[in-house]
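# Reading the structure
Listed below are the residues making up each chain.
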Amino acid sequence: MNRKVDVCIVGGGPGGTLLASILAEHNISVLLLERTNGFAKAFRGEHLNEEGEQVLKQYGLFERIEELGLLRMETLEYWMDGQKFNTVYPDPAIGHLGIHVPQAHLLQAIVEQAQKYTSFEYLLNTTVKELIQDEHGHYTAVKALQDDQVIQIDAQLIIGADGRHSTIRKLANLDVTIHNHGYDLLWARIPAPENWTPSIKMALVDGMQISLFTQTNGFVQIGWNIEKGSYPSLRTQLFHPFIEKLIEAFPQLADSVNEHIQSWRDFVLLDVFSTTTEQWEKNGVILIGDAVHTMTPTGAFGLNSSLMDAHILAQWVLQKNPFDYSCAIERQKQIAEIQALQIEKEQKFQDAFVILS
């Protein structure tokens, strides 16, 4: 089966879906490919900062997401030895310290809007296998597999929005540099105790950061930094002494932790790294989001940067004919500044924490 569109976007995360919706609204035919059988199947960051919030408001999406459910953070708290010792409050003009938006709500709102336009289509369960070039080396098509059926999508522009292990990046032979940040992350989600206020809470345990993020529907997400590559060794040790450190840091979590985190299997490991890619585009292929600049969890910049990538690229696609890629140069500088800020925050967290305490 062959298809022909103006733009083929690979990856149904926030950046890819938003870009598809913006372009479709302006009568540019877009086919969005997602390898899973539904949107929001793969975990991605779920905290909006002011930049991401403004992008969603600009495209009339924020109100619908709020209807579906979101949660504004009221405080940032620092804890030591089971006691809160410092609280940061939001700027009254902003009114929050970040917003938790469930990925399912975010993607549902964007896809609903995109489906209003006849120029938007998407295919689920579709895995890209090959990029096709013409005699001049220009990438003109994507060959994909959907339920054992081979599909070829001819497109003027191919967008790789397919995440930190991007298939499009690999197929286009775009070099990537991987940066080790010295830690990995254990994720877990538990019900919030009674009277838990919407907040972000930080603690330092054995020199490593533990963060709690309040989520919608009465949950708390735990992010526990561990030494890079140490998880296999950790799993050979007794679990109870390890989890007791979490309870000692945040005593009010004791009942929920004891009920819902009972073994190493109740954690999900995130291999933490960042990437830089000197060349964001090549012969009709361009990358956005984690495909071109993987972020660490620090500061929750990943989701917001991906939304901004989509916004910036969409404006250039709409304004230029033929497609112009020079927008990537300025955006690359902005991303470098954000990644440098992440490194600074990671390196200085322990010192700042001790000073605050």
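Note on numbering: residues in each chain are counted from 1, in written sequence order. For a predicted model such as this one, the threshold for reporting local features is a pLDDT of at least 70, and the threshold for listing and counting side-chain atom pairs is 80 or more; totals across whole chains, interfaces and linings nevertheless cover every residue. Working from all heavy atoms in the structure, the side-chain values ignore hydrogens and water.

Time to look at the overall build of the protein. Secondary structure follows DSSP: runs of H or I at least 4 residues long count as helices, runs of E at least 2 residues long count as strands, and numbering of each begins at the N terminus. On a plain count of helices and strands, the protein comes out with eleven helices and 20 strands. To get the radius of gyration, use the C-alpha atoms; to get the globule rule, take the number of residues to the power 0.38 and multiply by 2.2 Å. A compact globule built from 357 residues would reach a C-alpha radius of gyration of about 21 Å, and the protein, at 21 Å, matches this within 12%. Across its three principal directions, the C-alpha atoms of the protein cover 65 × 45 × 40 Å. Per-residue burial for the protein yields a buried fraction of 52% across its 357 residues. Any two residues whose heavy atoms approach within 4.5 Å are treated as being in contact. Across the protein, contacts joining residues at least 24 apart in sequence account for 71% of those joining residues at least 6 apart. Under the convention used here, a 1.4 Å probe and the Shrake-Rupley method define accessible areas, while residue burial counts only the protein chains that appear. As displayed, the protein has an accessible area near 16800 Å², and 48% of this comes from carbon and sulfur atoms. With 27 positive and 44 negative side-chain charges, the protein shows a spacing of 3 Å between the two charge centroids. Remark: exposure states derive from per-residue accessible area (1.4 Å probe, protein chains only) relative to the maximum for the residue type, with buried under 20%, exposed over 50%, and partly exposed in between. Under this rule, positive means Lys or Arg and negative means Asp or Glu; His and the chain ends count for nothing. To locate a charge, take atom NZ for lysine, CZ for arginine, CG for aspartate or CD for glutamate.

Note on pairing: DSSP must find at least two bridges between two strands before they are called paired. Read across the sheet, seven strands follow the order 6-5-14-15-16-13-17 without closing on themselves; strand pairing throughout is mixed. Two strands lie at the open edges of the sheet, namely strand 6 (83–88) and strand 17 (268–270), each paired on one side alone. Each strand axis lies, on average, 25 degrees off the axis of its neighbour in the sheet, ignoring direction. Across five bridges, strand 5 (residues 75–80) lies against strand 6 in antiparallel orientation. For Glu77, the partnering residue across the bridge sits in strand 6 and is Thr87. Angles run from 0 to 180 degrees between N-to-C directions of axes, and those axes are lines fitted to C-alpha atoms, restricted for helices to the stretch in contact. Contacting strand 5, strand 13 (183–191), strand 14 (199–205), strand 15 (208–215) and strand 16 (219–227), helix 7 (residues 239–249) runs over the sheet at an angle of about 125 degrees to strand 16.

We now examine the packing of aromatic side chains. A pair of Phe, Tyr and Trp rings is counted when the ring centres sit within 6.5 Å of each other, with Trp represented by its six-membered ring. The angle between the planes then sorts it: under 30 degrees is stacked, over 60 is edge-to-face, the rest tilted. On inspection of all chains with the given rule, the structure shows ten aromatic pairs. Where Trp79 meets Phe250, the ring centres are 5.8 Å apart and the plane angle is 55 degrees; that geometry is what we call tilted. Placement of the pair is Trp79 in strand 5 and Phe250 in the loop between helix 7 and helix 8 (254–260), with a sequence separation of 171 residues. Both residues of the pair, Trp79 and Phe250, count as buried. Consider the rings of Phe242 and Trp264, whose centres lie 4.8 Å apart with planes at 45 degrees: the pair is tilted. One end of the pair, Phe242, is in helix 7; the other, Trp264, is in the loop between helix 8 and strand 17, with 22 residues separating them in the sequence. Taken as a pair, Phe242 and Trp264 share a single burial class, namely buried. In textbook terms, an aromatic cluster arises when at least three aromatic residues are bridged by ring pairs, as seen for Trp224, Tyr231, Phe239, Phe242, Trp264 and Phe267.

Across the sheet, which stays open at both edges, the three strands sit in the order 3-7-4 with antiparallel pairing between neighbours. With one partner strand each, in any of the chains shown, strand 3 (47–48) and strand 4 (71–72) form the two edges of the open sheet.

This paragraph deals with the pairing of strand 16. The element strand 16 is extensively covered by neighbouring structure, given that seven of its nine residues are classed as buried. In terms of strand pairing, strand 15 meets strand 16 through six bridges, oriented antiparallel. Within strand 16, the residue paired with Gln215 across the bridge is Phe219.

This paragraph deals with the layout of surface pockets. Here the second largest pocket defines a volume of roughly 250 Å³. Lining residues are those with an atom within 4 Å of a point, where the points come from a 1 Å grid over the protein atoms alone and group into cavities, where a 1.4 Å probe fits but cannot get out, or pockets, open sets with protein on both sides within 12 Å along at least five of seven lines. As for the second largest pocket, its lining consists of 14 residues, of which Asp206, Ile226, Leu234, Phe242 and Lys245 are closest to the centre. Mapped onto the lining of the second largest pocket, the elements with two or more residues apiece are strand 16 and helix 7. Of the residues forming the lining of the second largest pocket, the biggest block, four residues, is contributed by strand 16. Grid points are joined across faces, edges and corners, and a volume is the space filled by probe spheres set on the points.

A few words now on the nonpolar core. For this analysis, a nonpolar core means a set of buried residues of the types Ala, Val, Leu, Ile, Met, Phe, Trp, Tyr and Cys, connected via side-chain atoms within 4.5 Å. Residues Ile9, Leu18, Leu19 and Ile159 are the most contacted members of the largest nonpolar core, which totals 43 residues. Among the secondary structure elements, those contributing two or more residues to this core are strand 1 (2–10), helix 1 (14–25), strand 2 (30–33), helix 2 (50–58), helix 3 (62–68), helix 4 (103–114), strand 11 (149–160) and helix 10 (302–319). A per-element tally of this core places helix 10 first, with eight residues. Ignoring anything within four residues of it in the chain, the contact list for Ile159 reads Val7, Cys8, Ile9, Val10, Leu19, Ile286, Ile288 and Leu313.

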